[in-house]
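# Remarks on the overall topology
The lines below spell out each chain.
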Amino acid sequence: MNEILTIIIPTYNRCSDVCKQTKYLDECITEYGLENKIKVVVTDNHSEDGTYVTLLQLQPQIKNQFEFRTQEKNIGGTYNSRSVLKTVETPYTMLLGDDDFLDKQYLNIVIDYIERDAEITAIFPNFHSNTSKNCRDGITEDRIYEPGTKNLGMMFKAHQMSGLVFKTEGVLDTLFAMHGENRYYQVYCMGFNMLRGKAVHITRCPMCVNDTNKKYWSYGNDSLWDDMFLNIRLLDISEKTRKEMERYYLLNYSWSVFPRFLKHPIVFMKSIASLENMTKGTKRLVIPYMIGSSFLIVYRKKIKKVGKVK
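Basis of the calculations
Residues numbered from 1 in each chain as written. Predicted model: local features only at pLDDT ≥ 70, side-chain atom pairs only at ≥ 80, totals over all residues. Heavy atoms only, no water. Helix = DSSP H or I, 4+ residues; strand = E, 2+ residues; numbered from the N terminus. Rg over C-alpha atoms; globule rule 2.2 N^0.38 Å. Buried < 20%, exposed > 50% of the residue type's maximum accessible area, 1.4 Å probe, protein only. Contact = heavy atoms within 4.5 Å. Areas by Shrake-Rupley, 256 points an atom, 1.4 Å probe, with all protein chains shown as cover. Lys, Arg positive; Asp, Glu negative; His and termini not counted. Charge placed at Lys NZ, Arg CZ, Asp CG, Glu CD. Phe/Tyr/Trp six-rings, centres within 6.5 Å; stacked < 30°, edge-to-face > 60°. Lys NZ or Arg CZ within 6 Å of the ring centre and 35° of its normal. Axes fitted to C-alpha atoms, helices over the stretch in contact; angles between N-to-C directions. Left-handed = near helix turned anticlockwise from the far one by under 90°. Nonpolar A, V, L, I, M, F, W, Y, C, P; charged D, E, K, R; others polar. Core = buried A, V, L, I, M, F, W, Y, C linked by side-chain atoms within 4.5 Å.

### Here's the deal with the overall build of the protein chain
Counting its secondary structure elements, the protein chain contains 12 helices and 10 strands. A globule of 310 residues ought to have a C-alpha radius of gyration of about 19 Å, and the protein chain, at 19 Å, matches this closely. Considered along the principal axes of its C-alpha atoms, the protein chain spans approximately 60 × 40 × 40 Å. A total of 310 residues make up the protein chain; the buried ones form 52% of that total. Sequence separation of 24 or more characterises 85% of the internal contacts of the protein chain that already satisfy a separation of 6 or more. Accessible area of the protein chain: about 15200 Å², with a carbon and sulfur share of 51%. Of the charged side chains in the protein chain, 42 are positive and 36 negative, and the gap between their average positions amounts to 9 Å.

Structure below.
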């Protein structure tokens with residue numbers, strides 16, 4: 001077998017969801033004739049609901065290259081997925097949640113892109129939630145971004161893990177060499193690859209992301225900002241570009257924590273002051289950028305024609 005893409009699915013206590021996901025992906029791979037191009041690895045984080053045993057029982061029904069693994073103890077969701085990423089041998093990797101479902105065409109489109117153009121190193125999907133048909137990104141023609149820092153802000157879309165595709169070689173070696181382990185490491189994976197190759201944003205076949213299932217992690221007091229800003233710091237970019245990226249993130253994404261600031265301003269500012277990976281200059285700009293971000297998101301919602309799933 002000469003597979004091109006490995007799909008990693010970390011799971012924990014979602015036996016029904018991950019079994020449904022397994023059957024669905026198996027159907028998609030078969031329908032588009034991708035049998036020899038895709039391998040799927042489901043990694044169970046020592047679930048308590050019989051997930052691993054059930055998956056093994058499901059295996060005889062699966063037609064394609066699926067591997068089921070389990071951890072000897074719960075090692076956390078991030079380490080669970082990275083334990084598989086360390087072993088990936090295919091040129092490309094996709095991360096996928098156990099309860100997030102790709103559009104049927106997505107895998108075929110991804111394989112077509114990476115087979116046609118070896119310079120493509122990162123692919124971003126579009127999505128809607130299971131409670132809304134409004135997509136994060138408007139549905140348009142695919143956009144291709146050239147390598148470099150010009151469009152590096154796209155990396156922040158990787159806060160949503162599912163459906164991300166990136167070139168495997170060198171990513172984790174670099175991350176571990178710089179002691180960059182963090183809960184948003186996929187953001188680094190995408191940024192690293194945007195610097196060395198082309199990125200594609202596929203909006204025409206949005207995936208469905210589950211936002212109602214119980215989450216087995218939290219955003220903490222800092223909304224995982226320290227993890228996010230660590231991923232910026234780890235990239236091979238200038239100090240000037242680093243600051244520009246920090247401020248780009250604040251301007252486009254900090255609106256989501258504005259209510260927290262209003263409710264507990266002192267606690268919030270203490271958490272900002274304690275961040276280790278945000279530059280001092282950016283820390284001084286958090287409040288004005290956060291206010292600007294809040295106004296910007298309202299403005300965008302008024303003028304943007306939101307993509308919808310037909």
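### Here we look at the packing of aromatic side chains
Overall, the coordinates contain 13 aromatic pairs when judged by the stated rule. Centre to centre, the rings of Phe66 and Phe68 are 6.5 Å apart; their planes meet at 45°, and the pair counts as tilted. The burial state of Phe66 is the same as that of Phe68; both residues are buried. A network of ring pairs unites the aromatic residues Phe156, Trp225, Phe229, Tyr248, Tyr249, Tyr253, Phe258, Phe261 and Phe268 as a single cluster. The ring centre of Phe101 lies 5.2 Å from the NZ or CZ of Lys20, which sits over that ring. Directly above the ring of Tyr79 sits Arg82, whose terminal nitrogen or CZ lies 4.7 Å from the centroid.

### Let's talk about the packing of helix α7 (residues 225-234) against helix α8 (residues 239-253)
Two elements in contact, α7 and α8, have axes whose closest approach is 9 Å; the angle formed by their N-to-C orientations is 145°. The hand of the α7/α8 crossing is right-handed. Mapping the contact onto sequence places Trp225, Met228, Phe229, Ile232 and Arg233 in α7 and Arg242, Met245, Glu246, Tyr249 and Leu250 in α8. Taken together, the residues of the contact of α7 with α8 sort by class into seven nonpolar, no polar and three charged.

### Quick look at the nonpolar core
In terms of nonpolar packing, the biggest core is built from 50 residues, with Phe124, Met155, Phe156, Met194, Trp225 and Phe268 touching the most fellow members. Residue contributions to this core peak at seven residues, all from helix α6 (residues 185-196). Setting aside anything within four residues of it in sequence, one finds Met155 in contact with Phe124, Val187, Gly191, Met194, Asn231, Leu235 and Met245. Membership of the second largest hydrophobic core comes to 41 residues, among which are Cys28, Ile62, Ile120 and Cys205.

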